[in-house]
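Residue-level listing of the chains:
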Amino acid sequence: MQWQDLVFSIGNFVFAFALIPTIKGKDKPAFSTSIISASILTLFIIAFSSLGLWFSGLGVGASAAAWWILTLQTYKRKK
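The written sequence of each chain sets the order in which its residues are numbered from 1. Local features in this predicted model are restricted to residues whose pLDDT is 70 or higher, and side-chain atom pairs enter the listing and the counts only when it is 80 or higher, whereas totals over whole chains, interfaces and linings include all residues. Based on all heavy atoms of the structure, the side-chain values leave hydrogens and waters out of the count.

**Some words on the packing of helix α1 (residues 3–18) against helix α4 (residues 54–78)**
(1) Moving on: Each axis is a line fitted through C-alpha atoms, and for a helix only the stretch in contact is used; angles between axes span 0 to 180 degrees, taken between their N-to-C directions. Numbering goes from the N terminus for both helices and strands, where a helix is a DSSP run of H or I of at least four residues and a strand is a run of E of at least two. Look at α1 against α4: their axes get within 7 Å of each other, and the N-to-C directions meet at 15 degrees. Relative to α4, the element α1 is oriented roughly parallel. Viewed along their axes, α1 and α4 form a crossing whose handedness is left-handed. Only Trp54, Phe55, Ser56, Leu58, Gly59, Val60, Ala62, Ser63 and Ala66 of α4 make contact with α1, whose side of the interface consists of Gln4, Asp5, Phe8, Ser9, Asn12, Phe13, Phe15 and Ala16.
(2) Moving on: Any residue that is not Ala, Val, Leu, Ile, Met, Phe, Trp, Tyr, Cys, Pro, Asp, Glu, Lys or Arg is counted as polar, Gly included; the first ten are nonpolar and the last four charged. Class assignment of the residues belonging to the contact of α1 with α4 gives a composition of 10 nonpolar, six polar and one charged. Roughly parallel means an angle under 35 degrees; roughly antiparallel, over 145; roughly perpendicular, 65 to 115; everything else is oblique. The hand of a helix crossing depends on one turn: near helix anticlockwise from the far one by less than a right angle means left-handed, and clockwise means right-handed. The contact criterion used throughout is that any non-hydrogen atoms of two residues lie within 4.5 Å.

This is the structure in structure tokens:
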């Protein structure tokens, strides 16, 4: 394992953990912010995985999942 893989994975798991209060709370980010963040992070999963940075891919996957949840919550709230 490369040390960069560990740093990226830990950082992304921390970002995902930091989004839990937003997921649970009433206030949500703008829909455009949520969908753009989720989409870009999903692309990062592919990029990290293609470089063999599997733990980074998992970490960014956790962040992407959190943003996709926020995207869905924001979308449902707008309806």
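**Some points on α4**
(1) Moving on: Helix span, expected: 1.5 Å multiplied by one less than the number of residues in the helix. Taking 1.5 Å per residue as the helical rise, α4 with its 25 residues ought to reach 36 Å, and the 36 Å between its terminal C-alpha atoms agrees with that figure.
(2) Moving on: In this scheme, a residue with accessible area under 20% of its type's maximum is buried, one over 50% is exposed, and one in between is partly exposed, where area comes from a 1.4 Å probe on protein chains only. Buried within α4 we find Ser56, Gly57, Gly59, Val60, Ser63, Ala64, Ala66, Trp67, Leu70, Thr71 and Thr74.
(3) Moving on: Residues of α4 that are buried in the fold lie against α1, α2 (20–24) and α3 (31–50).

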